[in-house]
Amino acid sequence: ATPMALITGTGAASKKGLVIGNAEAIQTAGDVKVVILDKTGTLTLGRPALAHMDLDRRALSVAIAMESMSNHPLAKAIAEIEADPLDVSSVEEIVGEGLKALIDGEEWTVGRPLSMERYSDQLELGRTVVEVRLGEGVRGFLALEDPIRPEASSAIEELRSLGIRPVMATGDNRGSAALVARAVGIDPEDVHSEIRPEDKLSIVRSEQAKGVKVLMVGDGMNDAAALKGADVGVAIGSGTDLAIDSADMVIVSGGVDRIAQGIAISRKTFSVIR
Ligand code: ADP
Ligand code: MG
């Protein structure tokens, strides 16, 4: 592309709330055929609210104390709950998994359930489940609901009208993934749930292996590798620093609707016939 076209494209995108860190990316965006979307914080607001909990006082205090050390959207919602105060010093965060801490010589884990089986009623309601364990023993759980972004379904529709296939990649459970996918219009066979951060990159790679350009959009630490591996990586501006640093573009105002708008700007600016 000519430098002038890159400046025009970058400028038009920034007016739409899409800040371009890598000028080549705005040109590549026009060639994208598949858009892979993270769920939590990307298709949803990333502001989960507590819907249900079933755990004893000690486990609740531990969960709140541990989550107050994390920046994960789930952590913020849990850290707000009122309970007996408890101090924990060294909490280890495992990206896409949850938190671990030693408290009075005992190992506690707060995060992704070991098995989803016992939570079928929560999964049916589309809730995200955070399990609290002491050693290997399950001490209870919290269930959260994260509202879908108001612009998400029209954003997916706009992608389809540009001939682009939307795909979901989430670490969350299949019930919650299915509920969001149905609401926004992503086909069930294009939903990947209960996956690890490295699987998000594998999904990017497997789409690229079909010979198409792939755009990935996400907000979390668990999206960083996939954002880097994609032909175009787009971070949600309210997301984590790691996601923003890994991306070619950042959505600073608005939401996922900016993706289709950015692609349309690219096609117009570089006037590629497809
Ligand atoms: P997504 O891909 O949808 O953004 P993540 O990969 O961040 O989701 O998280 C996947 C799952 O891991 C969550 O649904 C949750 O069960 C668990 N998890 C991750 N981080 C935390 C945390 N800080 N606290 C509790 N649970 C967590
Ligand atoms: Mg996310």
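Scoring rules and cut-offs
- Residues numbered from 1 in each chain as written.
- Chains lettered and ligands numbered in written order.
- Predicted model: local features only at pLDDT ≥ 70, side-chain atom pairs only at ≥ 80, totals over all residues.
- Heavy atoms only, no water.
- Near = heavy atom within 4 Å.
- Polar contact = N/O pair within 3.5 Å; in protein donor to acceptor, adjacent residues only side chain to side chain.
- Areas by Shrake-Rupley, 256 points an atom, 1.4 Å probe, with all protein chains shown as cover.
- Pairing = 2+ DSSP bridges.
- Helix = DSSP H or I, 4+ residues; strand = E, 2+ residues; numbered from the N terminus.
- Axes fitted to C-alpha atoms, helices over the stretch in contact; angles between N-to-C directions.
- Salt bridge = Lys/Arg side-chain N within 4 Å of Asp/Glu carboxyl O.
- Donors = N, O, S within 2.8 Å, 3.2 Å for Na, K, Ca; no water.
- Buried < 20%, exposed > 50% of the residue type's maximum accessible area, 1.4 Å probe, protein only.

Enquirer: Whenever I open this one, the site of ligand 1 confuses me. Can you help?
Expert: Taken together, 21 residues sit near ligand 1, with Thr-40, Glu-67, His-72, Thr-170 and Asn-222 positioned nearest. Within the contact set of ligand 1, an oxygen atom lies 2.6 Å away from a side-chain nitrogen or oxygen of Thr-40. Contact between ligand 1 and Gly-171: an oxygen atom at 2.8 Å from a main-chain N or O atom of the residue. In isolation ligand 1 exposes 560 Å². Once the protein is present, 97% of that is buried.

Enquirer: Hey, could you run me through the pairing of strand S8 (residues 137–145) in this one?
Expert: Moving residue by residue along a regular strand, the side chains alternate between the two faces of the sheet. Where strand S3 (residues 49–55) lies against S8, six bridges are found, and the strand directions are antiparallel. Of the residues in S8, the one forming a bridge with Leu-50 is Leu-144. Of the pairings in the sheet, the one linking strand S7 (residues 128–134) to S8 comprises seven bridges and is antiparallel in character. Looking at the pairing, Leu-134 lines up with Gly-137 of S8. Where S7 hands over to S8, the hairpin turn is made up of two residues, of which Gly-135 adopts a positive phi near 60°.

Enquirer: Honestly, the sheet that holds strand S6 (residues 106–111) in this entry has me stumped. Any pointers?
Expert: Two modes of strand pairing occur in sheets, parallel and antiparallel, and in both the strands are linked by backbone hydrogen bonds. Judged by pairing direction, the sheet is antiparallel, and its six strands sit side by side in the order S3-S8-S7-S6-S5-S4 without closing on themselves. At either end of the open sheet lies a strand with only one pairing partner, and these are S3 and strand S4 (91–94). Across this sheet, the average inter-strand angle for adjacent strands is 15°, counted without regard to direction.

Enquirer: Is there a simple way to explain the pattern of salt bridges in this structure?
Expert: Working definition: two side chains of opposite charge can pair if their charged atoms are close together. Within this structure, the stated rule accounts for 17 salt bridges. The residue Lys-210 makes a salt bridge to Glu-207 at a minimum N-O spacing of 3.1 Å. Connected through salt bridges with shared partners, the residues Arg-165, Asp-190, Glu-207 and Lys-210 form a single ionic network.

Enquirer: What exactly am I supposed to notice about unusual backbone geometry here?
Expert: As a rule of thumb, non-glycine residues mostly have phi less than zero, and peptide bonds are mostly trans rather than cis. The backbone phi angle of Asp-104 is positive, close to 50°, even though this residue is not glycine. Mapped onto the elements, Asp-104 comes out in the loop between strand S5 (98–103) and S6. Positive phi values are uncommon outside glycine, yet Glu-194 reaches one of about 55°. Along the chain, the position of Glu-194 falls in the loop between strand S10 (191–192) and helix H8 (197–208).

Enquirer: Can you walk me through the coordination of the magnesium ion (ligand 2) in this structure?
Expert: Each donor-metal-donor angle in an ideal tetrahedron of four donors is 109.5 degrees, and each such angle in an ideal octahedron of six donors is either 90 or 180 degrees. In the first shell of the magnesium ion (ligand 2), the protein supplies Asp-38 (OD), Thr-40 (O) and Asp-219 (OD), at 2.1 to 2.2 Å from the metal. On the basis of relative accessible area, Thr-40 is assigned to the buried category, the value being 19%.

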